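Summary of the model geometry
Below are the chains, spelled out letter by letter.
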Amino acid sequence: MIGWAALTPVSGRCVYAGVAEVSVYVDEKFRGKDYGTMLLDALIQESEKNNLWTLQAGIFPENVSSIRIHEELGFREVGYREKIGQLKGVWRNTVLLERRSSKVGL
């Protein structure tokens, strides 16, 4: 498997029905070959077909490549979350990015 991508609702509340979190993972052996860009672009296309107007992503700050890919596809940095989760027992921060659709909603 090269990688995978998913859209997850950010809330069960109806007011947020058009907002989803994106997750994109590419196996180490395949990084740097545009698979991440292809997966994220496909998520964006599917999100708009399904009336999602806002996509969010939380990315570790040192994952510069992922942040760059998201920005190239229309995401912008909207915040920074400190100690929001743990990975292998270590508290992690994330950069919060958001993309608003120009085709859906608003």
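This one's a predicted model, so the numbers in the text were calculated from it and none came from an experiment.

1. Here's the deal with the sheet that holds strand β5 (residues 90–100)
One open sheet accounts for five strands, arranged β1-β2-β3-β5-β4; its pairing is mixed. Both edges of this open sheet fall to β1 (3–9) and β4 (76–87), since each of them pairs with a single strand only. Each strand axis lies, on average, 30 degrees off the axis of its neighbour in the sheet, ignoring direction. Here strand β3 (residues 54–59) pairs with β5 via six bridges, running antiparallel. Directly across from L55, in β5, lies its bridge partner R99. Across the sheet, helix α1 (residues 35–49) lies against β1, β2 (19–26), β3 and β5, angled at about 155 degrees from β2, the strand it touches most.

2. Regarding the packing of aromatic side chains
Evaluated as defined, the whole model comprises two aromatic pairs. Arranged with centres 4.6 Å apart and planes meeting at 35 degrees, the rings of W4 and Y25 form a pair that is tilted. Remark: Y25 occurs in strand β2 and W4 occurs in strand β1; sequence separation between them is 21 residues. A relative accessible area of 38% places W4 in the partly exposed class. Given a relative accessible area of 46%, Y25 falls into the partly exposed group. Relative to Y35, the ring of F30 lies with its centre 6.0 Å away and its plane at 85 degrees, an arrangement referred to as edge-to-face. Residue class for F30 comes out partly exposed when judged on its relative accessible area of 25%. Directly above the ring of F60 sits R92, whose terminal nitrogen or CZ lies 3.7 Å from the centroid.

How each quantity is defined
- Residues numbered from 1 in each chain as written.
- Predicted model: local features only at pLDDT ≥ 70, side-chain atom pairs only at ≥ 80, totals over all residues.
- Heavy atoms only, no water.
- Pairing = 2+ DSSP bridges.
- Helix = DSSP H or I, 4+ residues; strand = E, 2+ residues; numbered from the N terminus.
- Axes fitted to C-alpha atoms, helices over the stretch in contact; angles between N-to-C directions.
- Contact = heavy atoms within 4.5 Å.
- Phe/Tyr/Trp six-rings, centres within 6.5 Å; stacked < 30°, edge-to-face > 60°.
- Buried < 20%, exposed > 50% of the residue type's maximum accessible area, 1.4 Å probe, protein only.
- Lys NZ or Arg CZ within 6 Å of the ring centre and 35° of its normal.

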